[in-house]
Structure formats: structure tokens, C-alpha cells
Amino acid sequence: MSIYTLYKSIIFRLAQSISTIIHHIKHYFFPKKPKTQKMVLSEASPESSELTVPCTFASRYVRTSLPRFKMPETSIPKEAAYQIINDELMLDGNPRLNLASFVTTWMEPECDKLIMASINKNYVDMDEYPVTTELQNRCVNIIAHLFNAPLGDSETAVGVGTVGSSEAIMLAGLAFKRKWQNKRKAEGKPCDKPNIVTGANVQVCWEKFARYFEVELKEVKLTEGYYVMDPVKAVEMVDENTICVAAILGSTLNGEFEDVKLLNDLLSKKNKETGWETPIHVDAASGGFIAPFLYPELEWDFRLPLVKSINVSGHKYGLVYAGIGWVIWRSKEDLPEELIFHINYLGADQPTFTLNFSKGSSQVIAQYYQLIRLGHEGYRNIMENCWANAKVLKEGLENTGRFTIVSKDIGVPLVAFSLKDRSLHNEFEISDYLRKYGWIVPAYTMAPDAQHVTVLRVVIREDFSHTLADRIVTDIQKVLHELDALPSKIAPATTADEKKVREITDAWKKFVQRKKTGVC
């Protein structure tokens, strides 16, 4: 690097630093009302003002740095490209210590081999890859039977593999909207104001569906101590424009199962009184591969007559790497034919009902591997082991005497917990300090009207062991000890200036915290 280039880089960094300091001072003392937030699809990292990607060990192959946000003019050796990317990825977190995510982070080596062998197959080309299509159909039928779909011996289940539960929910929602519209048109009634009833605890993908496809989202608010949708309140909100009620089998906030059986009974009664025929969709993204093995007697699925469709994430407790979900319909009548497209430009007539066209075959094949490899026995053993580790963690946290457990003993194997005393420090500080030990443990506020409750959440996946449960309890105790030795960051404001700073801080927290957790 020349002296001129070095001098230019130093001046640029200094200017950036001064600009950042002025910006923070300006907004600290002269806060403005936040404007409507704009969606940012891609942005440069604010921590980095470098315009190039430095080469560390890759300097064995190349000596010039790469432009950070532009394509380089010349090619570089494959070894250099690998080394540059590998060096940067070292700064990513350890997936096994990422306790925020429900997504599978480990599979058996044999399945990894199958994934790599099929990674170049485009699933949508069914005529070219008929065996992959057959494996997908087998998965759909296996899952449909797992959810007690009313199928005869020779009947084929109705369902499709998706990129994840978000796409599955979009497809199910579209089916409900179209069925409702067709019924209203046949009756000569307006069909321009559809709505869907959910709890305020739903994952953000439900808000996306409502906004993208112009459906009003009617949310049942939460209350302290009851963090899932109240079926009684939900049914009260149902009207003639309700396309369905969405129940959650495994809330993202605390893992709790909603009472789908009670919802079905109450809604059946209201349907008889009104003649509306309002159906139920079950979002079983997290709980769909748990309930059948741990709670087989629990009625939440197609055993309930109003449940017309169910989605589940294969990449959560279906035990497959990220990128696979499933949506199953009760019968062909519940999926309007006009939503299914038929294409022939890939070689043969192929029906398709997806938002995404091309996608890899690997996750479909991996899902089939898990279903036949583990069977009922294997899935049950894994889920029981997850819950055993969750209980170890829960008991360890309770023994500290510092936390209240918010999660339930029946539901998704996770532990959600809150501080009993928040007068000196809060859950967000604990989350930040745990990162020093490598743990990623999210802290977040509950949904309205329980947003004053803040929790930490540890998701127990197959790769979370008894040893790790003991270790994180030990590290949490270390964090508490460190925080206890520090001055409080949330001490009561006394002077006018302190109150002003406190108001600014509180307003900023409300602005940056998302209404819904997007972690899946």
C-alpha cells in the first residue's frame, strides 16, 4: 500500500469517526420523533469503513485487497477465494451455542452425503428428477398420517414441500382467502374485506401474509401470565369476514401450545349459530414434530373437524437443516383448484402450488432420510431427550433464586425465564454479557398487552446436551456476579437532566425493538 493510499485511508476513517460522533451528539440532545421506518434490503456494515476486503492467509496466493462492494476486475486463485471467505466466517457465532434459533444445526454424516450428492438438483424439474418428486410425495403422506388426516387406504394426501413455514403459511392463507371469496361471491355478498384472527404472539410471517395479501389481522392481546391466544376471546372476534382462525402449536415467545381443542369446540358452536363455517389453521412450525411423539393423546390436528390445514417446519424439530417446510390440507376440497398451476415447459404436465419456483432438492431428500431413519421410536427418543435437558436447565435456573420460569412443562422444549428483581439490571444486559462466553441467548419483550414483561429464552435442540445445560447455568451465574458488582444502569432518575436522558433511552429502546420476534 502506498503512502498516499495509507494517508487517504486514515483521513477517511477520521472523517467517518467525527461524523459519527456528531451524529450521536445531535440525536442525544435533540431527539426527533422517529419517522416511518423504511425497509432496508441491504446495507453496509456501520462498523466498517474499509472499502476493501483484506487478505490474511490468502496473501500466500494474492497480494492485493479485494473491493468490498464491487466485483473485482480480475480473477483470483480458488485457494485465495476460499481462504478469504473462510477467514471472515471465523467471526460468525458457533451454531451449537446459538440458543436463539429453533433451526437444526446438526445432522448425521450419512445425511450430509445425501445432501451434497443432490445439491445440484432443481426440485421443480419433476420430469427430470422423478425419484425426488416421489420422495417429496412420500414425505407429504407420512406427515399427513402423522397429523391424523382422514385418508382412506388408497387416498393420497394433499400437501406440498416449501422453503419453510413462512411460505407454507402464505399458501395456506391464500387457500383460505380464495375459498372465502368464492363462497361470498356465490352468495352475492361483498368479498373485499377479509380478516384473519390470531393471537398477538404469532410469528412475524403472519403479519407478512396479512400485509402482502391484503387481509386484516385481528390479534387477541395477551395478558401477564397468559402468553398465548385465548380461544374465548378469539371466537368473540370472529365475524362473517373471517377467513380462518390461526392457532399456534408452540408459541415462539414461550413454547406453549395453544388450546386448539377448545378453540374447535367454541368455534363449532358459533358456526352453528351463524352459519359462517369459519375454519382453523394450525401453525405447528415448532410443535408439529413434537406433539405426535410426546403427547399423542393431545387433540390439535385433523382429528378436530374444523382444522383444515397445518404447516410444520422440517428444519426445526423435523431435524433437517434450514430450508424445508410443509403444508398439509385436510382434503382436496380445502385447496381451491384455481390456485394450482399446470406447466409443461420442463418436459411434462406438472402441477405446482408454490410462491417460489426453483429450489434445491437436498432438504426434501434429507427430510425423507430422517423420517425413515428415525421412525416413531427415534423421534420420540430425541424429543424426550430434549425435554430432559430442558428440565436440567430449568432446575439450574430455579436454583439460582434469581429467575421466574415463564415457559410451560408441556410444549416446545425450551426454557423462557425472567429476572425476579429488575431494579438494578435487566434481561438485555444478561443477554449481552453471555455473548462474552460464546452464548447467543435472546432477550425480548412479550407481545401486546404483556409488553412490559421481558424474557430470556433458551431453545433446546437435539445438539444441546446435559453438559451444555450445566455450563450455561454456570456462565449465567458468572454474569449475574459480574453485573451485581457494577453500578446499576437503570437506577431511578432524580434530576431533570437524568429524567431527560431516561426518556430518550426508553424511547430509543421502543423504537429499535421489533414488535414480533423473527427468530425461527
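Owing to the predicted nature of the structure, the values given are computational and were not obtained by experimental measurement.

Undergrad: So what's going on with the environment of Ser423? Which residues, and what values?
TA: As for its placement among the helices and strands, Ser423 is situated in the loop between β13 (414-419) and α11 (427-434). The class of Ser423 is partly exposed, set by a relative accessible area of 41%. Taking C-alpha positions, Ser423 is 8.1 Å from Ser488, a pair spaced 65 residues apart along the chain. A distance of 2.7 Å separates a polar atom in the side chain of Ser423 from a polar atom in the side chain of Asp421.

Undergrad: Lay out the packing of α11 against helix α12 (residues 466-484) with the relevant residues and their values.
TA: In helix packing, the relevant descriptors are the interaxial angle and the interaxial distance, both defined with respect to the helix axes. Two elements in contact, α11 and α12, have axes separated by 10 Å at closest approach and are oriented at 115 degrees. Note on packing geometry: the crossing formed by α11 with α12 is right-handed. In this structure, α11 contributes Glu429, Ile430, Tyr433 and Leu434 to the contact, and α12 contributes Asp475, Ile476, Val479, Leu480, Glu482 and Leu483. Here the contact of α11 with α12 is built from residues that sort into seven nonpolar, no polar and three charged.

Undergrad: Please set out the confidence of the model for the protein residue by residue, giving values where relevant.
TA: Chain-level pLDDT for the protein is 87 on average; 82% of the residues reach the 70-or-more range. Per-residue pLDDT stays below 50 along residues 27-40; that stretch engages in six contacts with residues further than four places along the chain or on separate chains.

Undergrad: Go over the sheet that holds strand β12 (residues 403-405) with me, naming the residues and quoting the values.
TA: The four strands are arranged β12-β13-β15-β14 in an open sheet whose pairing can be described as antiparallel. Taken across any chain shown, the strands that pair with only one partner, and hence form the sheet edges, are β12 and β14 (443-445). Taken over all neighbouring pairs, the strand axes of this sheet differ in orientation by 40 degrees on average, direction set aside. Judged from the three bridges that link them, β14 and strand β15 (residues 454-459) form a sheet pairing that is antiparallel. Following the sheet pairing, Ala443 is matched in β15 by Leu456.

What counts as what
- Residues numbered from 1 in each chain as written.
- Predicted model: local features only at pLDDT ≥ 70, side-chain atom pairs only at ≥ 80, totals over all residues.
- Heavy atoms only, no water.
- Helix = DSSP H or I, 4+ residues; strand = E, 2+ residues; numbered from the N terminus.
- Buried < 20%, exposed > 50% of the residue type's maximum accessible area, 1.4 Å probe, protein only.
- Polar contact = N/O pair within 3.5 Å; in protein donor to acceptor, adjacent residues only side chain to side chain.
- Axes fitted to C-alpha atoms, helices over the stretch in contact; angles between N-to-C directions.
- Left-handed = near helix turned anticlockwise from the far one by under 90°.
- Contact = heavy atoms within 4.5 Å.
- Nonpolar A, V, L, I, M, F, W, Y, C, P; charged D, E, K, R; others polar.
- pLDDT = per-residue confidence, 0-100.
- Pairing = 2+ DSSP bridges.

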